[in-house]
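If you want the building blocks of each chain, they are given just below.
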Amino acid sequence: LTDEGKDILVSSLPKSLGFSVGLDFRDGNLLLNSKSTVPFKAGMVFNLAVSFSGLTLSGSARASANDESAVKNLSQYGLVIADMIAVTDKNADIMTKFGRDRGDISYSMLDESGDDDEESDEDDADRKLAKKIAKQEADEPSGGRKSSRLAANAASGAVDVEGVAERERKQIELMARKNEERLRELARSSRKKGGDEKSKKGEEIEAYKSTKTLPDNVLPNQVKVDMANQCVILPICGNPVPFHISTIKNVVLPDPDNAAYLRINFYTGGMAVGKDCPENTAKLVQKYAPYATFIREMTFRSLDSHSLTTAFRQISELRKRARMKEIEEKEEANLVKQDKLVRTKNERVPRLSDLTMRPVFAGRKTQGNLESHTNGLRFISTRGEIVDIMYANVKHAIFQPCENEIMVLIHFHLKNPIMVGKKKQQDIQFFTEVIDASQAVDAGKRSMYDPDEMDDEQRERQLKKRLNEAFKDFARKVEGVARKNGYSLEFDIPYRDLSFIGNPHKEMVSIQPTLNCLCNLTETPFFVVDLSDIDHVHFERVTFMSKAFDMVLVNKDFTKQPYRIDMIANEEKDSIQEWLTDMEISYTEGPMNLNWKQIMSHVLGDDRFYMDTEEDEVTAKEAGWEFLRMFGRDEADDEEGSEEESGYSEVGEEESEEDADSADEDFDTDEDDESEFDGDEDLEEQGMDWEDMEREAAADDRRKKRDGEEDVRPAKRKRRR
């Protein structure tokens, strides 16, 4: 301003030219003023607001205004221009996408010396001035825009159609690019594996190394259970034969009659082994099934029911122990050893008190405190139970404030699962309930102006605000501690504007997207889907007749079954597809539900799934997930081609007329051979009301009865006007 000779405007500038936008809309620690020393970095977002206040309105400007306008009484005015600016590596990006025409600018004029009547007169004058300006803009030859809202409403239908077409075009390009990226990813992963993907062979079961290690107190005709060696010794022809507990499928003890019976079933080849079969036993059965002979079942009878009842109870207990041990081994098989927590000693530790953790320990409500230390967080319950979460193991951290929910929470989605109690968990959550989930209702009637109820609502709003601030402050401090110690940890906040209602498990919940996830954190079991793991999204049951559709999220790991979100309202489809396009995730849609288990098994075995040719590299095929597209690429190309060729052509016009004439001739010749049909008559019948239709139906019934031709379809009669 000084260089341009506008020194008089320097005194009208504000103390601050804007502020930074982060977790809060206005970050008070980072203002654009002379005291700030923070350098600009890529990724920062600012609200740049340049304003002038106390400017003097010249007499010529007041004279040129309308006589009835409030501008006549103004002596000073102010001006504010604000934009949202994002700092990038190259330059600044203006994020404000609103109109900048004169009709889009809002202004207000106040006369402090006038009374209510004068203010109403001024409002009328302002309205007249606004109408005059709008009329002038409408009369301009350049066709200036009258109002952004009116223009949007007038062209809403055209914009929707253009938006869908543009989205489809982007999706076709996106799917082609994704296919190439997935081909490169699979090539890199195959080189890393080096072809060492052979399945492990089953280990031979060995209960006893020799006969000397058999128990000494085994009788010739006794069913003996060796709990230490996990073995059942069964008498066969008077000889004790050991069977490992993993080979026993189940054991049955029928109701005793004159004698007691015990039936033992074994895993055998040629039939399904079931889900409860140990993994090693299933491999051995598959290995020996082609040539070995299996024992399917053995039944023992005894006059002494006590011995067989004891054996039944011991075998059932041993099977239960073996099953639990196998489950624990599977749970701990892919666990990654975590680093030990380094506690902060000489500094004040960020802490949140009176929190509830989910999942819980041993089926009990787990409450305690959460602390942030040097390399991780530690939760200590009131019963002394400890859960450590390392910063390096946190894949996504989410902070969800309380708005329409009953809780404010912090959620951690981990890279590698950890053990909580006796179960492996990948999602850990800490929350505080703002209001009770259930509330007792008094028998008496309460007025809506009850002061006690109003005080309760006020206290509830204050509690929500206080807890949201406490959790937000804790999240900011945790980010600072992690950054200070060389870890990258940032908390995401769900986008409530993009939320929708769906059924990911067994109940309808609110699904909210974040920067990196699609999640529902308020209800259990948690639903957290990492968008980086999603290869494709398919919409099922997309028809004009249904009111809801289903969404299937296909994982990049084809060995895992896709995620499902059912019963999503049709009104949400466009916004979800727009969001997926912005996130560069390809999607398709179809009218029916698909068998995804069969599809994934087929895709897993297809090495050329993302290629557009068969194994001969000549025969063309649909690459990737294009086979799920309702309207393929060829149809889209044909539509574009038809649009390009839709111009006026005299030659084409003559050819089309000749074709039409020949078609009319063919139609005339075929008309005599076919049954009588009149198109005008059909159109007339479509326009009949209920009374005319009932009269015609009654006449047809009388004629059928008179002629006695019930099986002959009556010919249509022309309706007389």
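I will try to describe carefully the structure that is included in this document.

What counts as what
Residues numbered from 1 in each chain as written. Predicted model: local features only at pLDDT ≥ 70, side-chain atom pairs only at ≥ 80, totals over all residues. Heavy atoms only, no water. Pairing = 2+ DSSP bridges. Helix = DSSP H or I, 4+ residues; strand = E, 2+ residues; numbered from the N terminus. Axes fitted to C-alpha atoms, helices over the stretch in contact; angles between N-to-C directions. Buried < 20%, exposed > 50% of the residue type's maximum accessible area, 1.4 Å probe, protein only. Contact = heavy atoms within 4.5 Å. 1 Å grid on protein atoms, 1.4 Å probe; cavity = no way out; pocket = protein on both sides within 12 Å on 5 of 7 lines; lining within 4 Å. Points joined across faces, edges and corners; volume = space filled by probe spheres on them. Nonpolar A, V, L, I, M, F, W, Y, C, P; charged D, E, K, R; others polar. Phe/Tyr/Trp six-rings, centres within 6.5 Å; stacked < 30°, edge-to-face > 60°. Lys NZ or Arg CZ within 6 Å of the ring centre and 35° of its normal. Core = buried A, V, L, I, M, F, W, Y, C linked by side-chain atoms within 4.5 Å. Arc of directions from axis to C-beta. Patch = residues over 30% accessible without salt bridge, like charges linked within 9 Å, V, L, I, M, F, W, Y side chains within 5 Å. Areas by Shrake-Rupley, 256 points an atom, 1.4 Å probe, with all protein chains shown as cover. Salt bridge = Lys/Arg side-chain N within 4 Å of Asp/Glu carboxyl O.

To continue, consider the pairing of strand β15 (residues 386-390). Side-chain direction in a regular strand flips from residue to residue, so the side chains alternate between the two faces of the sheet. Pairing geometry for strand β14 (residues 376-381) and β15, over five bridges, is antiparallel. Of the residues in β15, the one forming a bridge with Ile380 is Ile386. Counting the residues that bridge the hairpin from β14 to β15 gives four residues, and of these Gly384 lies at a positive phi of roughly 85 degrees.

The next subject is the sheet that holds strand β16 (residues 394-400). Spatially, β15-β14-β13-β12-β18-β17-β16-β19 is the arrangement adopted by the eight strands of the open sheet, whose pairing is mixed. Both outer strands of the open sheet, β15 and β19 (491-492), are each paired with one neighbouring strand and no more. By the bridge criterion, six bridges tie strand β12 (residues 351-361) to strand β13 (residues 364-372) in an arrangement that is antiparallel. From the neighbouring strand, Leu352 faces β13, where its bridge partner is Leu370.

The three strands lie next to each other as β6-β7-β8, forming an open sheet whose pairing is antiparallel. The outermost strands of the open sheet, each flanked by one partner alone, are β6 (224-226) and β8 (239-244). Across this sheet, the average inter-strand angle for adjacent strands is 30 degrees, counted without regard to direction. Pairing of strand β7 (residues 231-236) with β8, which is carried by six bridges, proceeds in the antiparallel orientation.

Among the secondary structure elements, Pro359 is positioned in strand β12. Note on Pro359: relative accessible area 19%, which makes it buried. Along the backbone, Pro359 and Val420 are 61 residues apart, and their C-alpha atoms lie at a distance of 7.7 Å. Pro359 has contacts with Val420, Gln425, Asp427 and Ile428, leaving out every residue within four places of it along the chain.

The next point concerns the pairing of strand β10 (residues 260-266). For β10, a buried count of five out of seven residues is recorded, marking the element as mostly surrounded by other parts of the structure. Where strand β9 (residues 248-252) meets β10, four bridges bridge the pair, whose relative direction is antiparallel. Residue pairing in the sheet places Ile248 in a bridge with Phe266 of β10.

Attention now moves to empty space enclosed by the protein. Scanning the entire structure with this criterion turns up two cavities of 30 Å³ or more. Lining the largest cavity are Leu498, Phe500, Pro513, Ser575, Ile576 and Trp579. Examining the composition of the lining of the largest cavity, we find that three residues originate from one element, helix α8 (residues 573-582), more than from any other. When the residues that make up the lining of the largest cavity are grouped by side-chain class, the tally is five nonpolar, one polar and no charged. Of the voids in this model, the second largest cavity is the one considered here, and its volume is about 30 Å³. If you go around the second largest cavity, the residues you meet are Met175, Lys178, Asn179, Asp535, Ser586, Tyr610 and Trp625. For the lining of the second largest cavity, the element with the highest residue contribution is helix α4 (residues 156-193), accounting for three residues. Residue classes in the lining of the second largest cavity are distributed as three nonpolar, two polar and two charged.

Let us now look at the packing of aromatic side chains. Throughout the structure, instances matching the rule amount to 18 aromatic pairs. Considering the side-chain rings of Phe412 and Phe491, the 6.0 Å spacing of their centres and the 65 degrees angle between planes classify their relative orientation as edge-to-face. Of this pair, Phe412 sits in strand β17 (residues 407-420) while Phe491 is found in strand β19, placing the two residues 79 residues apart along the sequence. When sorted by exposure, Phe412 lands in the same class as Phe491, which is buried. For the pair Phe609 and Tyr610, a centre-to-centre distance of 5.0 Å together with 80 degrees between the ring planes defines the contact as edge-to-face. The burial state of Phe609 is the same as that of Tyr610; both residues are buried. By the ring-pair criterion, three or more aromatic residues cluster together here, those being Phe558, Trp596, Phe609, Tyr610, Trp625 and Phe627. Taking NZ or CZ as reference, Arg358 lies 4.7 Å from the ring centre of Phe431, over its face.

Counting residues in hydrophobic clusters, the biggest one holds 32 residues, and the most contacted among them are Phe412, Phe430 and Phe491. Elements with a minimum of two residues in this core: β12, β14, β15, β16, β17, β18 (423-433) and α7 (451-484). Ranked by residues supplied to this core, first place goes to α7 with seven residues. Once residues within four sequence positions are removed from consideration, Phe412 is found in contact with Leu377, Ile389, Val394, His396, Ala397, Gln426, Asp427, Ile428, Phe430 and Phe491. If you look at the next biggest cluster of nonpolar residues, it comprises 21 residues, including Val509, Val529, Leu580 and Tyr587.

This part is about the layout of surface pockets. When its volume is computed, the second largest pocket comes out at roughly 1,300 Å³. As for the second largest pocket, its lining consists of 34 residues, and the residues nearest its centre are Val21, Gly22, Leu23, Asp24 and Glu479. Listing elements by their share of the lining of the second largest pocket, those giving two or more residues are β2 (27-31), α7 and β19. Each residue belonging to the lining of the second largest pocket can be placed in one class, and the counts come to 16 nonpolar, seven polar and 11 charged.

A separate point is helix α5 (residues 279-288). One full turn of an α-helix is made of 3.6 residues, so residues set three or four places apart face in the same direction. For α5, every residue scored as buried is listed here: Thr281, Leu284 and Val285. Seen from one end, α5 has its buried residues packed into an arc of 100 degrees, which puts them on one side.

The subject of this paragraph is a nonpolar patch on the surface. Taken together, the side chains of Val10, Leu13, Leu17, Leu48 and Val50 present a nonpolar region at the surface, about 320 Å² in accessible area. Mapping Leu13 onto the fold places it in the segment before β1 (18-20). A residue is classified by how much of its surface remains accessible, and Leu13, at 31% relative accessible area, is partly exposed.

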